[in-house]
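So the chains spell out like this:
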Amino acid sequence: MSLNLAAAKRLRKELQNLKRTKEPDPDIYLIPDGNNILQWTALLRGPSDTPYSGGVFQLAIDCGADYPLAPPSITFVTRVFHPNVHFRTGDVCLDILKKEWSPAWGVQAACRAILALLSDPDADSPLNCDAGNMIRGGDMLAYNTTARMFTVENAMFLAWPSTATTTDKEG
Amino acid sequence: MSDDDYSYEYSEEEDYEIGDDDDDMDWNSSATCTIASENPNAAPTLGLAGVLNGIRISPADDLRPEMKRRLKEVTEILDIPEAAASVLLREHKWSKEQLFEVFYADSEKLLKKCGVSNRCDPKDPMKTDPDDDNCCPICYDDMEDGQKMSMPCGHEFCMSCWHDFCANAIEQEGPSCVYVTCPEATCTEVVTEVEFQKAAPDYLQKFQTYQLRNFVESNRLTRWCPGKGCDRIACAPTASAMEQDGNVANCDSCYTSFCMVCGEEPHAPSECKDLAKWNEKCRNESETANWILANTKSCPKCASRIEKNQGCNHITCQRCKHEFCWICSGDWASHGANTGGYYKCNRYDPKSTETNDNSAAAKAKRELDRYLHYYKRYHAHSEAQKFAKKQLKETESRMVMLQESSDNSKWTDVEFLKTANEQLVECRKVLKYTYVYAYYMNPNDTLQKERFEYHQEMLEKFTENLSEQSEKPLDKMDRTDVVNQTRVVDRFMKNILKYVDEGMEG
């Protein structure tokens, strides 16, 4: 019970900080579930110079009662072709979301790490073996075009929300 | 395979020898293996090696002083805090010698790598971001003075978050909580007993227990009793005792006996390394083998399915009364020595499969056949051993019944039943491992192979006899016969172990 409260309290503060900040991250949009502060939705802009560029990817973030001592579980809702993302379930294989998690991190830091992962795939611990094999085999053309195809097919439909709560216009 | 398991960065693991003095256990090693056999009918106690080998069984807590002694010594010699010493020792399998060697080669690198550099050299602790308001990075609440704590690395968190962090480490990480590092991202400072004491005294005891557990597990001279839920520890007096195959420890709390070297069930005559290979192989092949070895067999005559739920390999079909051997499905009549035949079931004869074909597929098939030959027999004895163990549990009630059934008989008059049953368990176990041994025997030394198989055959034959005898209904059981069979089979068991032990000469 008390842990659950601690997680909710901390997440409320994270939300507050996100709202308050002068320089919101232009590539990450975070919003908690209306009636459950432990569950968030995130939108990520595919990094430029990657096959994900121009796409908007939706993530589901689920913080357990022992958050932030335990990492949140994050999955891609938008289908994505990437060696470290499970093609069907959207699970993400990222060390900071597992063993290397630090309670000093928050949901935004986790999203930043996922953005970094999109730019810099790690082909040696693949959840999507096809994508991993393409990169390990040195066939970047195959990887780039396949990932691009799935981006165009799946990630081009979500509009980036205008930040509703503040008057800020995103640049 | 097993060599790869050790990838120690600093020294050659294999060559590392423990000196006479230092890392050996410091206790008065009194041999505690006593052989209790007041019963005149008891089979003489079994292990050839493993008796009086100086292995001590003690509760885990008895090792605490030994751990403290090493800690204290390292603390003094290296002039570092005790908490740091415990981390360093843990990273070096609690071997002082190993630690010193690395420490004196490059102490700075070592301290950094093990996450204790700040603890050992607290002069320049990294301070947290000065811009940071006094806000705990975990709960985002303001920290009051006196309600915050940092490790020597300088990262501050509020006491309540420290407590939850420590509690979470114990509950989620279990034994590996001893490796937990500073909550700050990417900080490698290791959390130690000191922090637990300050922030989470309610979890201190658990932490210390895990620390001790780590000590036992990484220590070369100790091994946990593998018995379920048993917390005893077997301690060998010297390093050589841990290397000598066939050193058996007997737990005095849960009565599990196990090999001191590999922790498995005592497995004479096969060696630890062969057993490890065998178990690995069985795991890999298990699906094939299971498919081939369905749990039931058809009667070779009338084809009705038969489930073997008794220990003996002599099967009589309930339906057509055909008698056959469970292992080879051959007629039982061709098995007994008295009918002039021989008990051929233990012998793998490569000639029985076609050998002319040298294609890879044929070779693979021959290899599988060879493996299955040994696996089937290994498996059969393993099952029979389980059955005999189960039977042993029921023996006591059988003994009571037997005693009541005849007038004037004393408890010692029926004790032979228990002895026979214990012997049976032991023989099944040895037989099981003779097949592991045989599988890895040099196939070209025909003489050795034949002799080994002869011993095996004798043991198998008399074990089957005893098994049959001891399963008879009580009123049909002949006490003298069972007692004799028990003695005879014990003799054969010892013969084969001795034969292997003496290097298969003669």
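What you are looking at is a predicted structure, and each value in this text was computed from that prediction instead of being measured.

*Asks:* I'm lost on the overall build of chain B in this one. Help?
*Replies:* A tally of regular secondary structure across chain B gives 15 helices and eleven strands. Counting across all 506 residues of chain B, residues that qualify as buried make up 48%. Within chain B, residue pairs in contact and separated by at least 24 positions form 61% of the contacts whose partners lie at least 6 positions apart. Only carbon and sulfur atoms are counted for the fraction: they give 48% of the accessible area of chain B, which is about 26500 Å².

*Asks:* Any chance you could explain the state of the cysteines here in plain terms?
*Replies:* Here a disulfide denotes a covalent bond joining the sulfur atom of one cysteine to the sulfur atom of another. All names here are of chain B. Under the definition given, this model contains zero disulfides over all chains. The closest cysteine sulfur to the non-disulfide-bonded Cys135 is located on Cys136, 6.8 Å from its own sulfur. For Cys187, which is in no disulfide, the shortest distance to another cysteine sulfur is to Cys153 and amounts to 3.7 Å. For Cys187, a relative accessible area of 11% gives the class buried.

*Asks:* Please clarify how helix α13 (residues 411-439) of chain B should be interpreted in this entry.
*Replies:* Taking 1.5 Å as the rise per residue, α13 of chain B with 29 residues should run 42 Å; its terminal C-alpha atoms sit 43 Å apart, in good agreement. Here α13 of chain B lies mainly inside the structure; 24 of its 29 residues are buried.

*Asks:* I keep staring at the packing of aromatic side chains and nothing clicks. Help me out?
*Replies:* The geometry of an aromatic ring pair comes down to the distance between the two centres and the angle between the two planes. Residue and element names in this part refer to chain B. Counted by the stated rule, this structure contains 27 aromatic pairs over all chains. Considering the side-chain rings of Phe100 and Tyr104, the 6.3 Å spacing of their centres and the 45 degrees angle between planes classify their relative orientation as tilted. Of this pair, Phe100 and Tyr104 both sit in helix α4 (residues 96-105), separated by four residues, roughly a single helical turn. Look at Phe100 and you get buried, because its relative accessible area is 13%. When the centroid spacing of 6.4 Å and the interplanar angle of 50 degrees are considered together, the rings of Tyr374 and Tyr435 count as tilted. Separated by 61 residues along the polypeptide, Tyr374 in helix α12 (residues 360-405) and Tyr435 in helix α13 bring together distant segments of the chain. You'll find Tyr374 and Tyr435 in the same group, each marked buried. In this structure an aromatic cluster arises from ring pairing among Trp278, Tyr371, Tyr374, Tyr375, Tyr378, Tyr433, Tyr435, Tyr439 and Tyr440.

*Asks:* Teacher, can you tell me more about the confidence of the model for chain A here?
*Replies:* As a note on interpretation, predicted positions should not be read in detail where pLDDT is low. Residue-level pLDDT values for chain A average 88, and 92% of them are 70 or greater. Every residue in residues 164-171 of chain A scores below 50 in pLDDT, and together they form five contacts with partners more than four places removed in sequence or on other chains.

*Asks:* In this structure, what is going on with the interface of chain A and chain B? I would like to understand it.
*Replies:* Where the parts come together, the accessible area they lose is often given as the size of the interface. On the chain B side, the residues contacting the 13 residues of chain A number 13 residues. Around 1100 Å² of area is buried between chain A and chain B when both sides are counted, 57% of it from carbon and sulfur atoms. Considering only the surface of chain A that becomes buried against chain B, Lys13, Leu69 and Ala104 of chain A emerge as the three largest contributors, covering 41% of it. Joining chain A to chain B, the criterion identifies three salt bridges. In this structure, Asp141 of chain B and Lys9 of chain A form a salt bridge, with 2.7 Å as the shortest nitrogen-oxygen distance.

*Asks:* When you look at the UniProt feature "active site" (unreviewed entry) in chain A in this model, what are you seeing that I'm missing?
*Replies:* Residues and elements named next belong to chain A. Annotation from UniProt places "active site" (unreviewed entry) at Cys93. Locating Cys93 in the fold gives a position in the loop between β4 (73-76) and α2 (107-119). Looking at Cys93, the relative accessible area reads 27%, which means it is partly exposed. When neighbours within four sequence positions are excluded, Cys93 is seen to be in contact with Asn84, Lys98, Leu117, Ser125 and Leu127.

*Asks:* Can you help me understand the nonpolar core in this one?
*Replies:* What tends to happen in soluble globular proteins is that the nonpolar side chains get buried as a cluster. One finds Ile61, Phe76 and Ile114 of chain A to be the most contacted residues of the largest nonpolar core, which totals 45 residues. Elements with a minimum of two residues in this core: α1 (2-20), β1 (28-33), β2 (36-45), β3 (56-62), β4, α2, α3 (129-136) and α4 (140-154) of chain A. At nine residues, α2 of chain A tops the list of elements feeding residues into this core. Membership of the second largest hydrophobic core comes to 44 residues, among which are Leu372, Met399, Leu417 and Leu474 of chain B.

*Asks:* Is there a simple way to think about the confidence of the model for chain B in this case?
*Replies:* Residues and elements named next belong to chain B. In the predicted model, chain B carries a mean pLDDT of 78, and the fraction of residues at 70 or more is 75%. Low confidence marks residues 338-343, where pLDDT is under 50. Its contacts with residues over four positions away, or in another chain, come to 15 contacts. The complex model carries a pTM of 0.63, and its ipTM stands at 0.81.

*Asks:* What is the right way to read the sheet that holds β1 of chain A from this model?
*Replies:* Within a sheet, adjacent strands bond to each other through the backbone by hydrogen bonds, running parallel or antiparallel. All names here are of chain A. Ordered in space as β1-β2-β3-β4, the four strands form an open sheet in which the pairing is antiparallel. Each edge of the open sheet carries a strand with a single partner, namely β1 and β4. When strand polarity is set aside, the average angle formed by the axes of neighbouring strands in this sheet is 25 degrees. Across four bridges, the pairing between β3 and β4 is antiparallel. The partner of Ala60 across the bridge, within β4, is Thr75. Set on the sheet, α2 makes contact with β1, β2, β3 and β4; between it and β1 the angle comes to about 135 degrees.

*Asks:* What is the right way to look at the sheet that holds strand β5 (residues 232-235) of chain B in this model?
*Replies:* All names here are of chain B. Pairing is antiparallel across the open sheet formed by three strands, whose spatial order is β1-β5-β4. Of all the strands in the sheet, just β1 (56-59) and β4 (222-224) have a single pairing partner and so form its edges. In this sheet, adjacent strand axes meet at a mean angle of 30 degrees when their direction is disregarded. Its contacts with the sheet place helix α9 (residues 201-218) against β4 and β5, and it is angled at close to 120 degrees to β4.

*Asks:* Looking at this structure, I do not really get the pairing of β5 of chain B. What am I missing?
*Replies:* Two faces make up the sheet, and in a regular strand the side chains alternate between them. With four bridges connecting them, β1 of chain B and β5 of chain B associate as antiparallel partners. Across the sheet, residue Arg56 of chain B finds its bridge partner in β5 of chain B, namely Cys235 of chain B.

*Asks:* For this particular structure, what's the right way to read α9 of chain B?
*Replies:* All names here are of chain B. Taking 1.5 Å per residue as the helical rise, α9 with its 18 residues ought to reach 26 Å, and the 26 Å between its terminal C-alpha atoms agrees with that figure. Those residues of α9 that fall on the buried side of the exposure criterion are Tyr203, Leu204, Phe207, Tyr210, Gln211, Leu212, Asn214, Phe215, Val216 and Ser218. At its buried positions, α9 is contacted by α2 (64-78), α3 (82-91), α7 (159-173), α8 (193-199), β4 and β5.

*Asks:* Help me understand the environment of Arg45 of chain A, please; the structure alone is not making it clear to me.
*Replies:* Residue and element names in this part refer to chain A. With respect to the secondary-structure elements, Arg45 resides in strand β2. The exposure class of Arg45 is partly exposed, given its relative accessible area of 25%. As for Arg45 and Ala155, which are separated by 110 residues in sequence, their C-alpha atoms are 9.5 Å apart. Looking at Arg45, its side chain comes within polar contact range of the main-chain oxygen of Pro26, at 3.1 Å.

*Asks:* Could you clarify how one ought to interpret the packing of α2 of chain B against α3 of chain B in this entry?
*Replies:* Angle between the axes and distance between the axes are the two parameters that describe a pair of packed helices. Residue and element names in this part refer to chain B. Axis separation between α2 and α3 bottoms out at 9 Å; the angle between their running directions is 110 degrees. Here α3 runs roughly perpendicular to α2, going by the angle between their axes. The interaxial crossing formed by α2 with α3 has right-handed handedness. Residues Lys68, Arg70, Leu71, Val74 and Thr75 of α2 form the contact with α3, whose own contacting residues are Glu82, Ala85, Ser86 and Leu89.

*Asks:* Before we go on, may I ask you to explain unusual backbone geometry in this structure?
*Replies:* The residue after Tyr67 of chain A, namely Pro68 of chain A, is reached through a cis peptide bond having omega 5 degrees. Among the structural elements, Pro68 of chain A can be located in the loop between β3 and β4. At the junction of Ala268 of chain B and Pro269 of chain B, the peptide bond is cis and its omega measures out at 5 degrees in the coordinates. Residue position: Pro269 of chain B is located in the loop between β7 (257-259) and α11 (272-292). The residue Asp79 of chain B is not glycine, and still its phi comes out positive at about 55 degrees. If you trace the backbone, Asp79 of chain B turns up in the loop between α2 and α3. A positive phi angle is found at Lys93 of chain B, which is not glycine, with a value near 50 degrees. Take Lys93 of chain B: it is sitting in the loop between α3 and α4. For Lys93 of chain B, a relative accessible area of 26% translates into the label partly exposed.

Criteria and cut-off values
One numbering rule holds for all chains: residues counted from 1, following each sequence as written. Chain A is the first chain written and ligand 1 is the first ligand written, with later ones labelled in order. pLDDT decides what is reported in this predicted model: residues at 70 or higher carry local features, side-chain atom pairs at 80 or more are listed and counted, and totals for whole chains, interfaces and linings draw on all residues regardless. In computing side-chain values, all of the structure's heavy atoms are included and hydrogens and water are not. Numbered from the N terminus, helices here are DSSP runs of H or I no shorter than four residues, and strands are runs of E no shorter than two. Accessible area is worked out with a 1.4 Å probe on protein chains only. A residue is then buried under 20% of its type maximum, exposed over 50%, and partly exposed in between. The contact rule is simple, with two residues in contact once any of their heavy atoms fall within 4.5 Å. Computed by Shrake-Rupley with a 1.4 Å probe, the accessible areas treat only the displayed protein chains as cover when residues are assessed. Disulfides are defined in this document as cysteine sulfur pairs within 2.5 Å. To estimate how far a helix should extend, the number of its residues minus one is multiplied by 1.5 Å. Aromatic rings from Phe, Tyr and Trp, taking only the six-membered ring of Trp, are treated as a pair when their centres fall within 6.5 Å; an angle between ring planes under 30 degrees marks them as stacked, one over 60 as edge-to-face, and anything in between as tilted. On a scale of 0 to 100, pLDDT captures the predictor's confidence in every residue. Accessible-area loss on putting two parts together, using a 1.4 Å probe and summing over both, is the definition of buried area adopted here. A side-chain nitrogen of Lys or Arg and a carboxyl oxygen of Asp or Glu constitute a salt bridge if their distance falls within 4 Å. UniProt positions are given in the numbering used here, feature names are shortened, and annotations may be inferred rather than shown by experiment. Note on terminology: a nonpolar core comprises buried Ala, Val, Leu, Ile, Met, Phe, Trp, Tyr and Cys residues joined through side-chain atoms within 4.5 Å. At least two DSSP bridges between two strands are needed for those strands to be called paired. A fitted line through C-alpha atoms serves as each axis, taken over the contacting stretch for helices, and the angle formed by two N-to-C directions is quoted from 0 to 180°. Pairs of N or O atoms are called polar contacts if they sit within 3.5 Å, as long as, within protein, a hydrogen donor faces a hydrogen acceptor (for residues adjacent in sequence, only side-chain-to-side-chain pairs). Angles below 35 degrees are treated as roughly parallel, those above 145 as roughly antiparallel, those between 65 and 115 as roughly perpendicular, and all remaining angles as oblique. Handedness of a crossing follows from how the near helix is turned relative to the far one, being left-handed for an anticlockwise turn of less than a right angle and right-handed for a clockwise one.

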